[in-house]
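Summary of the model geometry
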Amino acid sequence: CARYHHGGDAVVMARRASLASSSGTATQSAARAAYKENVRAGVRPGHVTSDGSDIGFLQEMHKEKGRALMKTIDKLRKENAELRKQGSESRRTATIQTLRNEKREQELIVDVLKDKL
């Protein structure tokens, strides 16, 4: 297992997590935890092994973060569309209610005028 120039066991964990990155969400969580351990241990992305093994790990973390951000953007876009739809429905409902009230008033005026004639 390749080691960084600084770090210790947390760095080894990160390397193992990066090697198994294709096995799914549990591995991504392990990779994320290992990355946080590396940050706490003071290992910076610039401290790579001579074979460049840190690059793959950082690329995986970057991809994961990108996917998470895209999911968040998509969720917010859907929420925004739903709120706009609700807003237009609310305006439509208010307009219908106003028209009903005006119709009632006009019917009352017509009834009064019929009684007077």
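Basis of the calculations
Residues numbered from 1 in each chain as written. Predicted model: local features only at pLDDT ≥ 70, side-chain atom pairs only at ≥ 80, totals over all residues. Heavy atoms only, no water. Helix = DSSP H or I, 4+ residues; strand = E, 2+ residues; numbered from the N terminus. Contact = heavy atoms within 4.5 Å. Areas by Shrake-Rupley, 256 points an atom, 1.4 Å probe, with all protein chains shown as cover. pLDDT = per-residue confidence, 0-100. Salt bridge = Lys/Arg side-chain N within 4 Å of Asp/Glu carboxyl O. Buried < 20%, exposed > 50% of the residue type's maximum accessible area, 1.4 Å probe, protein only.

1. A look at the overall build of the protein
A count of helical and extended segments in the protein gives 3 helices and 0 strands. Secondary structure elements in the protein, listed N-terminal to C-terminal, are α-α-α. Relative to all contacts within the protein whose residues are 6 or more apart in sequence, the contacts with residues 24 or more apart total 62%. Summed over all atoms, the accessible surface of the protein reaches about 9,200 Å², with 55% contributed by carbon and sulfur.

2. Let's talk about the confidence of the model for the protein
Mean pLDDT for the protein: 75, with 62% of residues reaching 70 or above. Predicted confidence in the protein is weakest over helix α1 (residues 9-19), with a mean pLDDT of 48, and strongest over helix α3 (residues 53-116), with 90. Scored below 50 in pLDDT, residues 1-14 shows 33 contacts in the model against residues more than four places distant or in partner chains.

3. Topic: the pattern of salt bridges
Taken as a whole and assessed by the stated rule, the structure comprises 3 salt bridges. The salt bridge involving Glu60 is made with Lys63; its shortest N-O contact spans 3.5 Å. One end of the pair is Glu60 and the other is Lys63, both in helix α3 and 3 residues apart, which spans about a single turn. Using a relative accessible area of 44% as the deciding quantity, one classes Lys63 as partly exposed. Note that Lys78 and Asp74 form a salt bridge whose closest N and O atoms lie 3.4 Å from each other.

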